[in-house]
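Tertiary structure, described
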Amino acid sequence: MKRNALLFILLCTSVWSCQSNEGWETLFDGKTLEGWHIYGHGKNYNGWYIDEGVLVFDPEERTEAFSANLTTDKQYSSFELSLDWMISEHGNSGLMWGVVEADNYEHPYQTGAEIQILDDGWSEYVNERGDINRAGSLYNLMPPSKVVSKGAGEWNSYLLHVDHNKNEGFLDFNGERVLEFPVNGSEWKNLIEQSPFSAWEGFGSSKKGHISLQEHGGKVAFRRIKIRELNQ
């Protein structure tokens, strides 16, 4: 009887594990940078490296002068992306999606919308630029509804949801919903038209594109990066 009960528990645990991971794909295995490249520069990772299973950008490890934005080889349309990030003091980075990589664009932020990653303890930056540029903001488009970030040197978590079929986007930041936004159509265009991106041809217009992790001159780390494609 005890043996049967143990087998039942193990079976339930196995089924739950399979269900909980259903559809999720690991984007960073903790060992290699397979599946990633530098926007516009191929496999020259220029400051990105792996340290004990953590993906790190350190400007002191940079070997060349160009900006090294880490970008997925694959393109995505509707998805959920989950990751943890940790920023250095006065650090600045970002998570971009819908990124178009072409000869007429030099940087991923020219086409891809960005969820800001920032040391919110950097009071001079936040006071000057406002909540629309703080951690958890839809950068220059929408501020987070609340401030839930942890300090420099601590791990934070993002769950980004982008569904073009339902025209639904949201961000869960450290387990709390801080953003809800459209991802296409007239509402999305209106957001862009009222922002500094209004004159940027191609910004936020692609329903399918790469995902990029921004390097902005400071040290930043990522772990547990995974994605689940929607509407497949």
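Provided above is the structure to which this section pertains.
Now for a look at the structure at hand. (Residues numbered from 1 in each chain as written. Predicted model: local features only at pLDDT ≥ 70, side-chain atom pairs only at ≥ 80, totals over all residues. Heavy atoms only, no water.)

1. A word on the overall build of the chain
Scanning the chain from N- to C-terminus turns up three helices and 13 strands. Here the C-alpha atoms of the chain give a radius of gyration of 19 Å, agreeing with the 17 Å that 2.2 N^0.38 yields for 232 residues. For the C-alpha atoms alone, the extent of the chain along its principal axes is close to 70 × 45 × 35 Å. The buried share of the chain, taken over its 232 residues, is 47%. Taking the contacts inside the chain whose residues are at least 6 apart along the sequence as the reference set, 65% of them involve residues at least 24 apart. Split by element, the accessible area of the chain, about 12000 Å² in all, is 47% carbon and sulfur. Where the 20 positive side-chain charges of the chain centre and where its 34 negative ones centre are 10 Å apart. (Helix = DSSP H or I, 4+ residues; strand = E, 2+ residues; numbered from the N terminus. Rg over C-alpha atoms; globule rule 2.2 N^0.38 Å. Buried < 20%, exposed > 50% of the residue type's maximum accessible area, 1.4 Å probe, protein only. Contact = heavy atoms within 4.5 Å. Areas by Shrake-Rupley, 256 points an atom, 1.4 Å probe, with all protein chains shown as cover. Lys, Arg positive; Asp, Glu negative; His and termini not counted. Charge placed at Lys NZ, Arg CZ, Asp CG, Glu CD.)

2. Digging into the packing of aromatic side chains
For the coordinates displayed, the defined rule picks out 12 aromatic pairs. Relative to F203, the ring of F197 lies with its centre 4.0 Å away and its plane at 20°, an arrangement referred to as stacked. Ring-pair connections join several aromatic residues into one group, and the members of that group are Y109, F197, W200 and F203. Sitting above the plane of the W24 ring, K226 keeps its charged end 4.8 Å from the centroid. (Phe/Tyr/Trp six-rings, centres within 6.5 Å; stacked < 30°, edge-to-face > 60°. Lys NZ or Arg CZ within 6 Å of the ring centre and 35° of its normal.)

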